[in-house]
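What the coordinates show
Residues per chain, in single letters:
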Amino acid sequence: MKRNIMAGNQTQSGFGLDVFTDADLEDIHLATVEILERTGVYLQCKEAIKIFEDAGADVNYDSHIVRIPAYMLEDAIRTAPPKFVLCGRDPKDDVVLEKNRVNFLPFGEGIMVIDPFTGEYRKSLKKDQARACRLADALESYDIVEYIVAPQDIHGEVMCLHTYEASIHNKALTPIPGNHGTSRIAH
């Protein structure tokens, strides 16, 4: 099981850096609450929208927008476990997620890519998700591999399923040094 270094812990004496004050962190939290409540989030999965609706969120099935009330967010934060484990294909690749522990993953869902073979700037495809997952899985610095691109060749209603399939079926094809060829893709 992998437990990365803790952020915010002093590992040596002499120098420290606090990027945000407590007031800054509170402002970020309040802005997040406001965005989730007023603007909402876009969800493709109707089952997920239904779960939010049943929990008390304001949902719009036509626009796929879910607005999450402040009380729902605060309840989720208060009842969240202090840590949990993302399980890899091999237990030694499990990743512990907990307060102040730093983990790295490719982030975002790019809709455009530069083709690594032709140099063409084009819409992202399912094969790009597969290739990106193989690359990220092979890089020691990444702890978790998730959606990297949003395949534009897949219908939006089923895109999340195809992206997931491309992710879990495209582990690194060559052995990872120190990792005995296993995948760090969490599921």
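If you're wondering where the values come from, they're calculated on a predicted model, not measured in any experiment.

Focus: the packing of helix α1 (residues 22-39) against helix α3 (residues 70-79)
- The N-to-C vectors of α1 and α3 enclose an angle of 125°; their axes lie 9 Å apart at closest approach. Between α1 and α3, the angle falls in the class oblique. In terms of crossing hand, the pair formed by α1 and α3 is right-handed. Listed contacts from α3 to His 29, Val 33, Leu 36 and Glu 37 of α1 are Ala 70, Leu 73, Glu 74 and Ile 77.
- Residues that form the contact of α1 with α3 fall into these classes: five nonpolar, one polar and two charged.

Re the packing of helix α4 (residues 126-138) against helix α5 (residues 159-168)
- At their nearest, the axes of α4 and α5 sit 8 Å apart, and the two run at 35° to each other. Considering how the two elements wind past one another, α4 and α5 form a crossing that is right-handed. Taken together, the residues of α5 that come into contact with α4 (itself represented by Lys 126, Gln 129, Ala 130 and Cys 133) are His 162, Thr 163, Glu 165, Ala 166 and Ser 167.
- By residue class, the composition of the contact of α4 with α5 is three nonpolar, four polar and two charged.

Overview of the confidence of the model for the chain
- Per-residue pLDDT for the chain averages 83, and the proportion of residues at 70 or more is 82%.
- Confidence scores differ between elements of the chain, with α5 showing the lowest mean pLDDT of 85 and strand β3 (residues 65-67) the highest of 98.
- Between residues 173-187, whose pLDDT stays under 50, and residues either more than four places distant or in other chains, the model counts 50 contacts.

Concerning the pattern of salt bridges
- The tally for this structure, following the rule as stated, stands at ten salt bridges.
- Across the pair Lys 92 and Asp 93 runs a salt bridge whose closest N-O atoms are separated by 3.7 Å.
- Note on Asp 93: relative accessible area 7%, which makes it buried.
- Between Arg 101 and Glu 98 there is a salt bridge; the shortest N-O distance is 2.7 Å.

So, how was this worked out
- Residues numbered from 1 in each chain as written.
- Predicted model: local features only at pLDDT ≥ 70, side-chain atom pairs only at ≥ 80, totals over all residues.
- Heavy atoms only, no water.
- Axes fitted to C-alpha atoms, helices over the stretch in contact; angles between N-to-C directions.
- Helix = DSSP H or I, 4+ residues; strand = E, 2+ residues; numbered from the N terminus.
- Parallel < 35°, antiparallel > 145°, perpendicular 65-115°, else oblique.
- Left-handed = near helix turned anticlockwise from the far one by under 90°.
- Contact = heavy atoms within 4.5 Å.
- Nonpolar A, V, L, I, M, F, W, Y, C, P; charged D, E, K, R; others polar.
- pLDDT = per-residue confidence, 0-100.
- Salt bridge = Lys/Arg side-chain N within 4 Å of Asp/Glu carboxyl O.
- Buried < 20%, exposed > 50% of the residue type's maximum accessible area, 1.4 Å probe, protein only.

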